[in-house]
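# Observations on chain architecture
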Amino acid sequence: MKKLIFIFGALIFFSCSSDDDNGYAVPDNVDGTLLKKAVYINNSGQISTAEYTYSGNKLLKIEANSGSSTSYTYTGDRITRINYNFGSLNTESQFLTYNSAGKLESMKKTVLGDITYSVTFTDNPDNTVTIKDYNGDFDAGAPFVSQSKAFLADDGSVTKIEKYSGSTTLTYDYTYDDQFVPTHDIIGYEKLRFYHTGSTGNPNNILTVSGSGSVEMNYTYNAQGYASTVQENEDGPTVKYYYY
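Below or above, wherever it landed, is the structure these notes cover. Just so you know, these numbers come straight off a predicted model, no measurement behind them.

### A look at the environment of phenylalanine 138
- One can find phenylalanine 138 in the loop between strand 11 (128-134) and strand 12 (144-152).
- A relative accessible area of 22% means that phenylalanine 138 is categorised as partly exposed.
- Spatially, the C-alpha atoms of phenylalanine 138 and tyrosine 117 are 8.4 Å apart, while their sequence positions differ by 21 residues.
- Not counting the four nearest positions on each side in its chain, phenylalanine 138 is found in contact with Ser106, Lys108, Ser118, Val119 and Thr120.

Here is the structure:
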C-alpha cells in the first residue's frame, strides 16, 4: 500500500494500484463544481480511483478502489479529525486544531492510539507561517525534528516554502493559474493547509514548482472553469476529475 499525494489539487488518499485496474471505464466528464471522483493514471497505465461522499457540501469520506478510505469529522464548518482506514481497520488518525482566526494551528497523528507525530503552524506578522515538526506529541515534550517556513500571498496562496536542515535550506517556489482548485466547493477543505507536506489549501491550481525541486502542471478545464485533467510535466502521471 502506498500514499498517493496529488500535487494536482492537493488531494491525498491511500491506494494500492494493480494491473487489474486497467479495465476501469472512465465516465464522461461532468460539468459541475462539487468534486465527485478523481482518477489517477500512472506512467504504466495503472489506474487508481477515489470516490467522494458528502452531506451537503461537507466531505464525509473518500473511498479508493483498493479498499482504503479516508473519513472526515467536522466541528461546525471545520474539519477536526481525519481517519485513514483500510477496510475496517483504522491505520492512522489526524486531530486538527485551529486558532482564533480559524487557521490551522496544529495536527497530531495517532497510530493505534499513540501520538507518533505532531506539527504546529504559527502565523507571523510578515505573512509567513512557521512550521515545526515533532517526533511525538509536542504538548508532552516530544523531541523537535525540523522546521520550515511558508511565505504567503495576499490571497493566502503559498508563494514559497523554505525547509531548514542544519545549515542547508531547501527552497520551493510556486506559481498558480486563475481557476479554482477541484476541492473549492468542499466546506472546510481550504483550511487544511498542511504546509509540512508542501503547498496545500490554495484557492488556485499549482502551475509550476521551482527551486530545490521542479515540476510543471498542465490542465484542461470543464465548462465551469474547474480542472478536468492535470498532467505532471509532458509525460508524467495524469489525474482526471469528475463533478456533481
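### Comments concerning the pairing of strand 5 (residues 58-64)
- As judged from the six bridges shared by strand 4 (residues 47-55) and strand 5, these two strands associate in the antiparallel manner. Considered in strand 5, the bridge of glutamate 51 is made with glutamate 63.
- Here strand 4 folds back onto strand 5 in antiparallel fashion, the turn holding two residues, of which glycine 56 has a positive phi close to 65 degrees.
- Bridging between strand 5 and strand 6 (residues 68-75) involves three bridges; their strand directions are antiparallel.

### A look at the pairing of strand 11
- Counting buried residues in strand 11 gives six out of seven residues, a clear majority hidden from the surface.
- The pairing of strand 10 (residues 114-123) with strand 11 spans six bridges and is classified as antiparallel. Pairing of aspartate 123 across the sheet is with valine 129, part of strand 11.
- The antiparallel pairing of strand 10 with strand 11 creates a hairpin that spans four residues between the two strands, and asparagine 127 there sits at a positive phi of about 65 degrees.

### What to know about the pattern of salt bridges
- Following the criterion strictly, the structure yields five salt bridges and no others.
- Lysine 37 is the partner of glutamate 51 in a salt bridge, and the nearest nitrogen-oxygen pair spans 3.0 Å. Separated by 14 residues along the polypeptide, glutamate 51 in strand 4 and lysine 37 in strand 3 (residues 35-41) bring together distant segments of the chain.
- Given a relative accessible area of 30%, glutamate 51 falls into the partly exposed group.
- In this structure, the salt-bridge partner of aspartate 77 is lysine 58, at a minimum N-O distance of 3.7 Å. In this pair, aspartate 77 is assigned in the loop between strand 6 and strand 7 (78-86) and lysine 58 in strand 5, connecting sequence segments 19 residues apart.

### Re the packing of aromatic side chains
- Under the definition given, this model contains eight aromatic pairs.
- Note on tyrosine 134 and phenylalanine 138: the rings are 5.8 Å apart at their centroids and 45 degrees apart in plane angle, and the pair reads as tilted.
- A relative accessible area of 15% places tyrosine 134 in the buried class.
- On the numbers, 5.9 Å between centres and 50 degrees between planes, the contact of phenylalanine 180 with tyrosine 226 is tilted.

Rules used in this analysis
Residues numbered from 1 in each chain as written. Predicted model: local features only at pLDDT ≥ 70, side-chain atom pairs only at ≥ 80, totals over all residues. Heavy atoms only, no water. Helix = DSSP H or I, 4+ residues; strand = E, 2+ residues; numbered from the N terminus. Buried < 20%, exposed > 50% of the residue type's maximum accessible area, 1.4 Å probe, protein only. Contact = heavy atoms within 4.5 Å. Pairing = 2+ DSSP bridges. Salt bridge = Lys/Arg side-chain N within 4 Å of Asp/Glu carboxyl O. Phe/Tyr/Trp six-rings, centres within 6.5 Å; stacked < 30°, edge-to-face > 60°.

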